[in-house]
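As a plain string of letters, each chain reads:
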Amino acid sequence: RPPLHPTPPPSRPRALFVTYTASPERYPNSIHDSRPSSRADKIRAKLVPGAVLPGVVVALKDFGAFVDLGGVEGMLPASELGFSRGARPADRLSLGQQLEVQILRVEKTDDPKRPERISLSLKALERDPWEDVATRFASGTRVSGRVTRVESFGAFVELAPGIEGLVHIGELSGGKPVRNAREL
């Protein structure tokens, strides 16, 4: 145990305050160890765009998720969860979930508590669904899908996760004159 040194109590004593000074050589895991060999410093050395690191989801917000990379937190925006549109972090992730993420950006800040802002991505690790769309959905073939939204000029249909197509109002109406696709 490190030596104990009593400190003078505040103006009205209610408890005895005890502090100690730890020697890093004698107590390497103490709180006062200021050597740069902490986990966070080791992770910071790996923070380069394109690096893939393991992490744990520590917070979920509407705009994204915060991921602990081992002493350093990064932000995983909702737009980087995957190729599907409108994915909410709470629908795809859970607190404590372990995952691998790719570093997109590292921006230095003036805040000593958070010396950098780290932007992460899951989408960068997935295969782009548009790479083989021409072979999977050749022109003229009939496929089924889910209508994701309707506009005045037609309807958008999700054919596969991350792939949407437009069905023009002229193809929806079956030859009848229609001014707005919402009328159908």
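Everything below is about the structure printed above this text.
In what follows, the accompanying structure is described. Model, not experiment: these values are computed from the prediction.

Rules of the game
In this convention, every chain numbers its residues from 1, walking through the sequence in written order. Under the rules for a predicted model, residues below a pLDDT of 70 receive no local features and side-chain atom pairs below 80 are neither given nor counted, while totals for whole chains, interfaces and linings still include all residues. Hydrogens and waters are ignored; side-chain quantities use all the structure's heavy atoms. Only Phe, Tyr and Trp rings are paired, with Trp represented by its six-membered ring, and only when their centres lie within 6.5 Å; those with planes under 30 degrees apart are stacked, over 60 edge-to-face, the remainder tilted. Exposed residues in this analysis have more than 50% of their type's maximum accessible area, buried residues have under 20%, and partly exposed residues fall in between, with area computed by a 1.4 Å probe over protein chains only. Charge-over-ring placement is defined geometrically: NZ (Lys) or CZ (Arg) within 6 Å of the ring centre, and within 35 degrees of the ring normal. Put simply, buried Ala, Val, Leu, Ile, Met, Phe, Trp, Tyr and Cys residues joined by side-chain atoms within 4.5 Å make one nonpolar core. Strands here are runs of E lasting at least two residues and helices are runs of H or I lasting at least four, both read from the DSSP assignment and numbered beginning at the N terminus. Contact definition: two residues touch when any of their heavy atoms are within 4.5 Å. Throughout this description, the term salt bridge denotes a Lys or Arg side-chain nitrogen within 4 Å of a carboxyl oxygen of Asp or Glu. Only when DSSP finds a minimum of two bridges between them are two strands counted as paired. Axes, fitted as lines to C-alpha atoms, cover a helix only where it is in contact. Angles between the N-to-C directions of the axes lie from 0 to 180 degrees.

**With respect to the packing of aromatic side chains**
Pairs of aromatic rings are described using the distance from one ring centre to the other and the angle between the two planes. Within this structure, the stated rule accounts for two aromatic pairs. Plain terms: the ring middles of Phe63 and Phe66 are 6.3 Å apart, the flat faces sit at 85 degrees to each other, and that makes the pair edge-to-face. When its relative accessible area of 48% is taken as the criterion, Phe63 is described as partly exposed. Here Phe153 and Phe156 contribute two aromatic rings whose centre-to-centre distance is 6.1 Å and whose plane-to-plane angle is 90 degrees, an arrangement assigned as edge-to-face. Residue classification places Phe156 among the buried residues on the basis of a relative accessible area of 16%. Against the face of Phe83 rests Lys123, its NZ or CZ located 5.6 Å from the ring centre. Its guanidinium or amino end placed over the ring of Phe156, Arg149 lies 4.1 Å from that ring's centre, counting from NZ or CZ.

**Brief notes about the nonpolar core**
Of all hydrophobic cores here, the largest spans 19 residues; its most connected members are Leu47, Leu69, Leu76, Leu93, Ile103 and Leu120. Breaking this core down by element, the ones donating at least two residues are β3 (52-61), β4 (64-68), β6 (98-108) and β7 (116-121). The contacts of Leu76, once residues within four sequence positions are left out, are Gly64, Ala65, Val67, Leu81, Leu93, Leu120, Ser121 and Leu122.

**Some words on the pattern of salt bridges**
If you walk through the whole model with that rule in mind, you get eight salt bridges. As a salt-bridge pair, Arg88 and Asp91 come within 3.9 Å of each other at their nearest N and O atoms. Overall, the relative accessible area of 46% leaves Arg88 in the partly exposed class. Accessibility expressed as a relative area gives 58% for Asp91, which makes it exposed. Taken together, the shared-partner salt bridges connect Arg127, Asp132 and Arg136 into one network.

**Here we look at the pairing of strand β8 (residues 146-151)**
Bridge count for β8 against strand β9 (residues 154-160) is five bridges, and the pairing is antiparallel. Bridged to Arg146 within β9 is Glu158. The hairpin formed by β8 and β9 contains two residues between the paired strands.

**Focus on the sheet that holds strand β10 (residues 163-168)**
Across the sheet, three strands lie side by side as β8-β9-β10; this open sheet has antiparallel pairing. The sheet terminates laterally at β8 and β10, the two strands that pair on one side only. On average, each strand axis in the sheet is inclined to that of its neighbour by 30 degrees, with strand direction left out of account.

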